[in-house]
Amino acid sequence: MVKKREGLSVAQEIDGLEEKLSLCRQSMEEVDLKLRREELSPEGRKSLERERSLLVTKAETYVAQAPGCSWRAHQSALTQLEYLKASQSQVGEG
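Residues numbered from 1 in each chain as written. Predicted model: local features only at pLDDT ≥ 70, side-chain atom pairs only at ≥ 80, totals over all residues. Heavy atoms only, no water.

Draft legend 1. Representation of the overall build of the protein in the model. Looking only at helices and strands, one finds three helices and zero strands in the protein. Tracing the protein from N to C terminus, the helices and strands come up as α-α-α. Relative to its full complement of 94 residues, the protein shows a buried share of 28%. As displayed, the protein has an accessible area near 6,300 Å², and 51% of this comes from carbon and sulfur atoms. (Helix = DSSP H or I, 4+ residues; strand = E, 2+ residues; numbered from the N terminus. Buried < 20%, exposed > 50% of the residue type's maximum accessible area, 1.4 Å probe, protein only. Areas by Shrake-Rupley, 256 points an atom, 1.4 Å probe, with all protein chains shown as cover.)

Structural data, given as structure tokens:
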């Protein structure tokens, strides 16, 4: 079982988790836009794809933290993670 962070209420933990996931999503959208619109060298494309992969990994870590918060935070984290993975596969196809 995940312990509640010292001095944080459950609501603060949920808000913090949702904020982190939101930032991951925004960063992923920026990376996806660059991959779609910019002329990139093979190295540049590979670098952005690595960045996108790291963002998904980071989101997975946040989702792993969610069960210790609450059902709502966990569901929010899973939704955000599924969005990130779906956008990752869409850009990879296009």
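Draft legend 2. Geometry of helix α2 (residues 42–65). A rise of 1.5 Å per residue sets the reference length of α2, with its 24 residues, at 34 Å; its end C-alpha atoms lie 35 Å apart and thus fit the reference within 8%. Those residues of α2 lying buried are L48, R52, L55, V56, A59, Y62 and V63. (Expected span 1.5 Å × (residues − 1).)

Draft legend 3. Summary view of the pattern of salt bridges. For the structure shown, the criterion picks out two salt bridges. With a closest N to O distance of 3.5 Å, E29 and R25 form a salt bridge. A residue pair is termed a helical-turn pair when its members lie 3 or 4 positions apart in one helix, as E29 and R25 do in helix α1 (residues 10–37) at four residues. Here D32 ties to R52 by a salt bridge, and the two come within 3.7 Å at their closest N and O atoms. (Salt bridge = Lys/Arg side-chain N within 4 Å of Asp/Glu carboxyl O.)

Draft legend 4. Just the packing of α1 against α2, in detail. Between α1 and α2, whose axes approach to 10 Å, the crossing angle comes to 165°. Judged by the angle between their axes, α1 and α2 are roughly antiparallel. α2 is crossed by α1, and the crossing has left-handed handedness. Each of L17, K20, L21, C24, S27, M28, V31, D32, K34 and L35 in α1 lies in contact with α2, whose residues at this interface are R45, L48, E49, E51, R52, L55, V56, K58, A59, Y62 and Q65. Looking at the contact of α1 with α2, its residues break down into eleven nonpolar, two polar and eight charged. (Axes fitted to C-alpha atoms, helices over the stretch in contact; angles between N-to-C directions. Parallel < 35°, antiparallel > 145°, perpendicular 65-115°, else oblique. Left-handed = near helix turned anticlockwise from the far one by under 90°. Contact = heavy atoms within 4.5 Å. Nonpolar A, V, L, I, M, F, W, Y, C, P; charged D, E, K, R; others polar.)

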